[in-house]
Amino acid sequence: MVMFKLGVIGGGAMGAALIGGVIRNGLISADKIGLVEVDQPRGQALQSNLGIQLFSSVASMAAECQTIILAIKPIQLFAILTELGTQLCEKHLVISIAAGVPLAAMENSLPQARIVRVMPNTPARIGKGVSAYCLGQRASGTDAEKVEAIFGCVGKVLRVSEDKLDAVTAVSGSGPAYVYYFIDALINAGVYLGLPRKDAAVLATETVLGAAELLKNSGEHPRQLMNEVTSPGGTTAAALFEFEKAGFAGLVMQAAIAAAERSREIGKGIR
Ligand SMILES: NC(=O)C1=CN([C@@H]2O[C@H](COP(=O)(O)OP(=O)(O)OC[C@H]3O[C@@H](n4cnc5c(N)ncnc54)[C@H](O)[C@@H]3O)[C@@H](O)[C@H]2O)C=CC1
Ligand SMILES: O=C(O)[C@@H]1CCC=N1
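What counts and how
Residues numbered from 1 in each chain as written. Chains lettered and ligands numbered in written order. Predicted model: local features only at pLDDT ≥ 70, side-chain atom pairs only at ≥ 80, totals over all residues. UniProt positions renumbered as here; feature names shortened; annotations may be inferred. Helix = DSSP H or I, 4+ residues; strand = E, 2+ residues; numbered from the N terminus. Buried ≥ 20, exposed ≤ 12 C-beta atoms within 10 Å, placed from the backbone. Contact = placed C-beta atoms within 7 Å. Pairing = 2+ DSSP bridges. Near = placed C-beta within 6 Å. Nonpolar A, V, L, I, M, F, W, Y, C, P; charged D, E, K, R; others polar. Expected span 1.5 Å × (residues − 1). Right-handed = clockwise from strand over helix to strand, strands pointing away. Axes fitted to C-alpha atoms, helices over the stretch in contact; angles between N-to-C directions. Parallel < 35°, antiparallel > 145°, perpendicular 65-115°, else oblique. Left-handed = near helix turned anticlockwise from the far one by under 90°.

- Under an unreviewed UniProt entry, the protein has the name Pyrroline-5-carboxylate reductase and belongs to Hydrogenispora ethanolica.
- Its UniProt record gives the protein the following Pathway (unreviewed entry) comment, quoted word for word: "Amino-acid biosynthesis; L-proline biosynthesis; L-proline from L-glutamate 5-semialdehyde: step 1/1."
- The record held by UniProt for the protein lists under Subcellular location (unreviewed entry) the comment "Cytoplasm".

1. Some points on the overall build of the protein
Point 1. Helices and strands together make up the secondary structure of the protein, namely 12 helices and eight strands.
Point 2. Its C-alpha atoms give the protein principal-axis dimensions of about 70 × 35 × 35 Å.
Point 3. The buried share of the protein, reckoned over its 271 residues, is 35%.
Point 4. If you take every contact in the protein between residues at least 6 apart in sequence, the share linking residues at least 24 apart comes to 64%.

2. Describing the sheet that holds strand β5 (residues 93-96)
Point 1. Strands sit in the order β3-β2-β1-β4-β5-β6-β7-β8 across an open sheet of eight strands; the sheet is mixed. A strand with exactly one partner marks an edge of an open sheet, and here the two such strands are β3 (53-54) and β8 (155-159).
Point 2. The sheet contact formed by β5 and strand β6 (residues 114-119) spans four bridges and is parallel. Along β6, the bridge assignment pairs L93 with R114.

3. Quick word on the site of ligand 1
Point 1. Around ligand 1, a shell composed of 26 residues is seen, among which G10, G12, M14, A98 and A99 lie nearest.
Point 2. Per-class residue counts for the shell around ligand 1 are 14 nonpolar, eight polar and four charged.

4. Considerations on helix α1 (residues 13-24)
Point 1. With 12 residues, α1 should cover 16 Å at 1.5 Å per step; its first-to-last C-alpha distance of 16 Å lies within 8% of that length.
Point 2. Those residues of α1 lying buried are M14, G15, A16, A17, L18, I19, G20, G21 and V22.
Point 3. Contacts from the buried residues of α1 go to β1 (6-9), β2 (33-36), α2 (40-50), β4 (67-70) and α6 (141-152).
Point 4. G26, located one to two residues past α1, shows a positive phi value of around 70°.

5. Some points on the site of ligand 2
Point 1. Close to ligand 2 lie A99, T169, G173 and S174.
Point 2. Considered class by class, the residues forming the shell around ligand 2 number one nonpolar, three polar and no charged.

6. A word on the pairing of β5
Point 1. Because side chains alternate across β5, one face comprises the buried residues L93 and I95, and the other comprises V94 and S96, equally buried.
Point 2. Of the pairings in the sheet, the one linking β4 to β5 comprises four bridges and is parallel in character. Of the residues in β5, the one forming a bridge with L70 is S96.
Point 3. Traced from β4 through helix α4 (residues 74-85) to β5, the parallel crossover comes out right-handed.
Point 4. In the classification by handedness, the crossover that spans β5, the intervening helix α5 (residues 103-109) and the parallel β6 is right-handed.

7. Examining the UniProt feature "domain: Pyrroline-5-carboxylate reductase dimerisation" (unreviewed entry) in the protein
Point 1. This chain's UniProt record puts "domain: Pyrroline-5-carboxylate reductase dimerisation" (unreviewed entry) on residues 162-265.
Point 2. Annotation note: span residues 162-265, helix share 84%, strand share 0%, distance between end C-alpha atoms 15 Å.

8. Observations regarding the UniProt feature "domain: Pyrroline-5-carboxylate reductase catalytic N-terminal" (unreviewed entry) in the protein
Point 1. As annotated by UniProt and renumbered to match this structure, "domain: Pyrroline-5-carboxylate reductase catalytic N-terminal" (unreviewed entry) occupies residues 5-100.
Point 2. Helix makes up 44% of residues 5-100 and strand makes up 19%, while its end C-alpha atoms are separated by 27 Å.

9. A few points about the packing of helix α7 (residues 165-173) against helix α12 (residues 248-267)
Point 1. The geometry of α7 relative to α12 is characterised by a closest axis approach of 8 Å and an angle of 135° between their N-to-C directions. Of the possible angle classes, the one that applies to α7 and α12 is oblique. Taken as a pair, α7 and α12 cross one another with a handedness that is right-handed. The segment α7 lies against α12, with D166, A167, T169, A170 and V171 engaging A256, A259, A260, S263 and R264.

Shown next as structure tokens:
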């Protein structure tokens with residue numbers, strides 16, 4: 001258990017996942033975690049379910065919490081930075097998880113605070129996330145340790161340079177949605193072929209989980225593991241031929257490249 005108070009602005013999908021993980025892992029006790037959430041019923045539900053403190057303004061939070069996570073959408077971020085600007089001093093560490101928004105823009109808005117940018121993902125909800133972070137100019141090695149401790153509560157943590165964060169967003173930030181898209185399609189294929197939807201869902205989900213675990217644990221190349229499934233003249237070869245003809249690999253790459261490009265646009269304030 002560490003002795004700092006953590007403030008979170010925005011208790012949505014990611015904010016709630018982070019708070020839950022930090023409490024579950026015993027890094028910070030619930031009474032040392034504060035939340036500002038404009039959606040009052042949501043804020044109150046998180047307060048009563050998790051035992052955290054609700055603040056009515058970012059100013060009151062900043063007066064009590066020197067480590068603050070910004071878990072609002074990029075479009076909401078600058079209004080919050082403006083509100084925070086006069087409240088923060090060099091003792092504050094601000095951690096932004098907003099997609100696209102560069103450190104320099106936040107450092108301009110908050111000239112005193114130390115800032116870190118992190119890109120987590122939604123499996124953080126069950127402690128199976130992966131996050132990549134980069135330090136702002138004023139942030140220290142101690143700040144890096146703090147970020148690793150917080151995000152380590154919800155999964156793996158990597159440090160990268162800021163120029164890699166759009167790519168990280170495209171691969172792991174948005175990545176869970178690509179995987180669900182694929183699983184959903186595989187379930188529908190099973191249903192088309194006559195499986196009950198419930199069975200198709202178990203088969204598709206366990207297949208993705210098992211294949212990912214095997215890839216991770218074996219250390220083998222994905223192609224090697226693909227070859228292991230693909231018998232000469234067999235069923236898998238027939239399926240993979242269809243993927244090849246449709247340009248599936250190129251499509252996945254194009255989709256991720258579009259996500260990275262959108263992250264860069266968000267960084268430039270393009271709606
Ligand atoms: N959802 C995802 O997969 C990921 C999201 N992110 C980033 O995390 C951030 C949050 O995203 P989500 O949690 O998905 O969004 P969300 O919409 O689920 O949560 C945002 C929360 O902020 C609250 N909020 C809005 N304005 C506020 C204000 N002025 N003061 C206090 N609370 C306010 C909303 O009521 C909502 O509960 C975004 O910047 C996004 O780019 C990063 C990685 C993954
Ligand atoms: O779609 C988005 O903008 C956010 C960032 C990464 C995942 N979701």
